Amino acid sequence: MGVTRQPRRAPRPYLTYAVQRVVQAVVVVLLAYCFTFLVISVLPGDPVTATLRNPQNNFTEEEVQRIVAYYGLDRPVWVQLWEALSRFVQGDLGVSLRSNLPVSTLIGDVLGSTVVLAVSALVVALALAFGIAYGTRNAPAPVAKALRAFPSLFLSVPNFVIGLLLINVFAFNLGLFQVIDSEGPAATFFAAIALGIPVSAQVAEVLIANLDHEARQDYAGFATSRGLSRSRLFWRHLLKPSSLPVVTVIALTVGELLGGALITETIFGRTGIGSLVQRSVTTQDLPVLQAVVVLAAVVFVVVNLVVDLVYPLLDPRVDLRGAARAPRTAAEQPLETTQGASA
Amino acid sequence: MTTITTEPAGSTGSAGPSGGWVPSALRRRGSRRRAPYGVLLSFGVLLLVLAWSLAPGLFTRQDPAHGVPADAFQGPSTAHWFGTDHLGRDEFARVVHGSASSVTSALVAVAIGVLVGGLIGLLAGFLGGWVDVTLARVVDVLLAIPSFLLAVVVVSALGFETINAAIATGVSAVAVFARVMRSEVLKTRRAVFVEASLLLGGSRWHVLLRHVLPNASRSVLNLAVLQFGLSILVIAGLAFLGYGDPPPASDWGLLVSSGKDYPLAPWLVYAPALVTIATVLSANRISRWLRNAD
């Protein structure tokens, strides 16, 4: 697709491409840090000192002074940004305004739970997406047609509604899991469904589009004319070329999993990054918020970097000319695929 | 001005007949193909919701803020279509009166996305060079931050109000609009009719306003409709978490959020949820129809 957009340039070797992409990724992460910092500090309001001087927080005047000095809150924004950025580069994420603990400790404590949730949600999403995609090609016509409406439906349901529905049906009515035991395997499974359903819609959309595209190719028609059954055609020929672009989509939905975790964790009463964000927002604990956003950006950038680096190795058809635009075109891909396919 | 009426070969690839000079967003009206029933229904739903937000008083005579305590927790009936809540307030009245803020916020969010994102994409695509490279990084940054998380951060920096939630949602939508606008501009800029217009002495501004923008409008319109639905979801999510106006405001997300505390009155969750789903589904359906109309 877009990767071949600038055909006039000379081909570049893989190494140049890889180095460029890594540099770009680092730049994007640093810019993301600056961007969040500016959003938090330039926008009106002075939540930091408001929080610090809030009598409920029990900071002595001396501690307030120390924290203000640490963050350089008495100095111009640009100086603060520079200091924060140099701390960030050294791996120091700052100190929570709420609990006076290092932000990295706070995040480290809850990271595991969110990773478990996100990975299970991804598994659920992939299983659902492949199931739907299989159905659209192999189920009887009315069912297949109905299945095609599923991604659109999944994308239209607020994920808190999915969560509430699951709790209502499976916890309250059927008693399959306890809401109180929020980290147990059963509760995690249902939380993963709630988080995974919107993601599955995106994967399924692209997968269905690719399958339709592959099914129109000559080789598919030839295989059918030689008497290959629908399901054999699906498994042996259509699935593999259709699944490869899905890797890119999965990488792009990583952010969605993290963002969605915010609501899902709140509903299912889980302790994780989402609930940490939720708590930091209510208490205006900006360093924590900043750290979580940057962490999310790092995860997104790294996952997409890995996919971009591995993709040309998986699919030799990908042309690395004009590769400087790789992240942008990778991001464009699902949208264009979806558009092209439903057109 | 231009005499090119047919598609110049190979100018726009798979984008369909966007090479002519009728603004492509308007071209649909020329063809007399009837819209499928699903699309008509979707338009109906959106019009109804719009009417609710413009003139809620026409659709319900009940007061959304004051209830009759004796009527608390009544199930859906002819008197109370969506039942009543814990204070005996009519849930239908609350949904109808809440639609104004949900719909307006979504429109504000889309407007921010279209204007800011569109401008970024237009500049990047049209000027190219270092402007493009710089703006591309900005868009990369916006894309790298999960949009819901970004919206949460922006709204917590601005303060918990529905209008701020709308702005936050708009900010998180800027990147998609910028991306689509840029790719449309690039597509059109290389078209033969643009080259012809330049050769005929058209200034850059003329080409931009007369050719590039109208041709990009179609894709941006699709995206705006789609984004309207997504914005409703994001704003509902923010309201659900309590980042919008506090009660007695009755944003759809807030209604679901307060309804979830009463599991024995499930209509308090399902009624606003179904209205939200129907609205978003309709926006998605219309967007898909516009996209396929090429």
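This one's a predicted model, so the numbers in the text were calculated from it and none came from an experiment. (Residues numbered from 1 in each chain as written. Chains lettered and ligands numbered in written order. Predicted model: local features only at pLDDT ≥ 70, side-chain atom pairs only at ≥ 80, totals over all residues. Heavy atoms only, no water.)

## Let's talk about the overall build of chain A
When helices and strands are counted, chain A shows 13 helices and zero strands. Going through the 343 residues of chain A one by one, you find that 51% of them count as buried. Considering only contacts within chain A whose residues lie at least 6 apart along the sequence, 77% involve residues at least 24 apart. Counting only carbon and sulfur atoms, one obtains 66% of the accessible surface of chain A, whose full area is about 15800 Å². (Helix = DSSP H or I, 4+ residues; strand = E, 2+ residues; numbered from the N terminus. Buried < 20%, exposed > 50% of the residue type's maximum accessible area, 1.4 Å probe, protein only. Contact = heavy atoms within 4.5 Å. Areas by Shrake-Rupley, 256 points an atom, 1.4 Å probe, with all protein chains shown as cover.)

## Focus on the overall build of chain B
Along its length, chain B carries ten helices and zero strands. Going residue by residue from the N terminus, the α and β elements of chain B occur as α-α-α-α-α-α-α-α-α-α. Split into buried and exposed, the 294 residues of chain B put 55% on the buried side. Taking the intrachain contacts of chain B between residues at least 6 apart in sequence as the baseline, contacts between residues at least 24 apart amount to 69%. Carbon and sulfur atoms provide 68% of the accessible area of chain B, an area that totals close to 12500 Å².

## Topic: the pattern of salt bridges
Under the criterion given, the structure shown has seven salt bridges over all chains. Taken together, the salt bridges that share partners define one network made up of R137, R148 and D212 of chain A. (Salt bridge = Lys/Arg side-chain N within 4 Å of Asp/Glu carboxyl O.)

## What to know about the confidence of the model for chain B
All names here are of chain B. Per-residue confidence for chain B averages 79 on the pLDDT scale, and 87% of its residues sit at or above 70. Scored below 50 in pLDDT, residues 1-21 makes 34 contacts in the model with residues more than four places away or belonging to other chains. Our summary of model confidence lists the complex with pTM equal to 0.81 and ipTM equal to 0.79. (pLDDT = per-residue confidence, 0-100.)

## A word on empty space enclosed by the protein
Evaluation of the coordinates by the stated rule reveals four cavities of 30 Å³ or more. In this structure, the largest cavity spans a volume of roughly 1400 Å³. L155, Q202 and E256 of chain A together with S147 and L230 of chain B are the residues nearest the centre of the largest cavity, which is lined by 49 residues in total. A total of eight residues in the lining of the largest cavity trace back to one element, the largest contributor, which is helix α10 (residues 230-268) of chain A. (1 Å grid on protein atoms, 1.4 Å probe; cavity = no way out; pocket = protein on both sides within 12 Å on 5 of 7 lines; lining within 4 Å. Points joined across faces, edges and corners; volume = space filled by probe spheres on them.)

## Structural notes on the UniProt feature "transmembrane region" (unreviewed entry) in chain A
Residues and elements named next belong to chain A. Residues annotated by UniProt as "transmembrane region" (unreviewed entry) correspond here to residues 21-43, 110-132, 153-180, 186-208, 244-268 and 288-311. Secondary structure within residues 110-132 divides into 100% helix and 0% strand; the distance between the first and last C-alpha atoms comes to 33 Å. Annotated as residues 288-311, this span is 100% helix and 0% strand, and its ends, taken at the C-alpha atoms, are 34 Å apart. (UniProt positions renumbered as here; feature names shortened; annotations may be inferred.)

## What to know about the side chain of N159 of chain A
On the secondary structure map, N159 of chain A appears in helix α7 (residues 159-173). Excluding anything up to four places from it in sequence, N159 of chain A contacts A194, P198, G260, I263 and T264 of chain A.

## Examining the interface of chain A and chain B
With 52 residues of chain A in contact, the opposing surface of chain B contributes 47 residues. For the pair chain A and chain B, the number of links is zero salt bridges. For the side of chain A that touches chain B, the secondary structure elements donating two or more residues are α1 (14-42), α6 (141-156), α7, α10, α11 (273-282), α12 (286-314) and α13 (326-342) of chain A. Among the residues making up the side of chain A that touches chain B, the classes are represented as 35 nonpolar, twelve polar and five charged. (Nonpolar A, V, L, I, M, F, W, Y, C, P; charged D, E, K, R; others polar.)

## Re the UniProt feature "transmembrane region" (unreviewed entry) in chain B
All names here are of chain B. Annotation from UniProt places "transmembrane region" (unreviewed entry) at residues 37-55, 106-131, 138-157, 163-181, 220-244 and 264-283. Secondary structure across residues 106-131 divides into 96% helix and 0% strand, with the first and last C-alpha atoms of the span separated by 30 Å. Annotated as residues 163-181, this span is 100% helix and 0% strand, and its ends, taken at the C-alpha atoms, are 26 Å apart.

## Here's the deal with the UniProt feature "domain: ABC transmembrane type-1" (unreviewed entry) in chain B
As recorded in UniProt, the feature "domain: ABC transmembrane type-1" (unreviewed entry) lies at residues 99-287 of chain B. Structurally, residues 99-287 of chain B comprises 84% helix and 0% strand, and the distance from its first C-alpha atom to its last is 21 Å.

## Quick look at the environment of G112 of chain A
Residues and elements named next belong to chain A. On the secondary structure map, G112 appears in helix α5 (residues 103-138). For G112, a relative accessible area of 39% translates into the label partly exposed. Each C-alpha atom, one on G112 and one on A251, is 20 Å from the other, the two residues being 139 residues apart in sequence.

## Remarks on the packing of helix α9 (residues 252-259) of chain B against helix α10 (residues 267-292) of chain B
Residues and elements named next belong to chain B. Following both chains from N to C, one finds α9 and α10 inclined at 155°, their axes separated by 8 Å at the closest point. Between α9 and α10, the angle is such that the two are roughly antiparallel. Where α9 crosses over α10, the handedness of that crossing is left-handed. Listed contacts from α10 to W252, L255, V256 and G259 of α9 are L268, V269, P272, A273, V275, T276 and T279. Looking at side-chain class alone, the contact of α9 with α10 contains eight nonpolar, three polar and no charged residues. (Axes fitted to C-alpha atoms, helices over the stretch in contact; angles between N-to-C directions. Parallel < 35°, antiparallel > 145°, perpendicular 65-115°, else oblique. Left-handed = near helix turned anticlockwise from the far one by under 90°.)

## What about α9 of chain B?
Judged by how many residues are buried, α9 of chain B sits mostly within the fold: seven of eight residues are covered. When α9 of chain B is considered as a whole, its buried residues turn out to be W252, G253, L254, L255, V256, S257 and G259 of chain B. Buried residues along α9 of chain B sit against α7 of chain A together with α2 (37-54), α3 (91-127), α8 (204-240) and α10 of chain B.

## Here we look at the nonpolar core
In this structure, V277 of chain A together with L238 of chain B are the most contacted members of the largest nonpolar core, which totals 119 residues. No other element matches helix α8 (residues 185-215) of chain A, which puts 16 residues into this core. Contacts of V277 of chain A, omitting those with residues within four sequence positions, involve L262, L289 and V292 of chain A together with L149 and V152 of chain B. Listed in part, the 43 residues of the second largest apolar core include A106, V225, L233 and W252 of chain B. (Core = buried A, V, L, I, M, F, W, Y, C linked by side-chain atoms within 4.5 Å.)

## Quick look at the packing of aromatic side chains
Residue and element names in this part refer to chain A. Throughout the structure, instances matching the rule amount to twelve aromatic pairs over all chains. Ring geometry for Y134 against F234: centres 5.0 Å apart, planes inclined by 85°, an arrangement best described as edge-to-face. Placement of Y134 in helix α5 and of F234 in helix α10 is noted, with a sequence separation of 100 residues between them. For Y134, a relative accessible area of 30% puts it in the partly exposed group. Their ring planes at 70° and their centres at 5.4 Å tell us that F189 and F190 sit as a pair that is edge-to-face. We classify F189 as partly exposed; its relative accessible area is 44%. The buried category is assigned to F190, whose relative accessible area is 7%. Three or more aromatic residues joined by ring pairs form one cluster here, namely Y134, F234 and W235. (Phe/Tyr/Trp six-rings, centres within 6.5 Å; stacked < 30°, edge-to-face > 60°.)

## Quick word on the packing of helix α7 (residues 192-199) of chain B against α8 of chain B
Residue and element names in this part refer to chain B. Between α7 and α8, the least distance of the axes is 10 Å, while the angle of their chain directions is 165°. In this view, α7 runs roughly antiparallel relative to α8, as classed from their interaxial angle. Two packed elements cross with a definite hand, and for α7 against α8 that hand is right-handed. Contact with α7, carried on its side by F193, V194, S197 and L198, involves H206, V207, H211 and N215 of α8 and no other residues of that element. For the contact of α7 with α8, the per-class residue count stands at four nonpolar, four polar and no charged.

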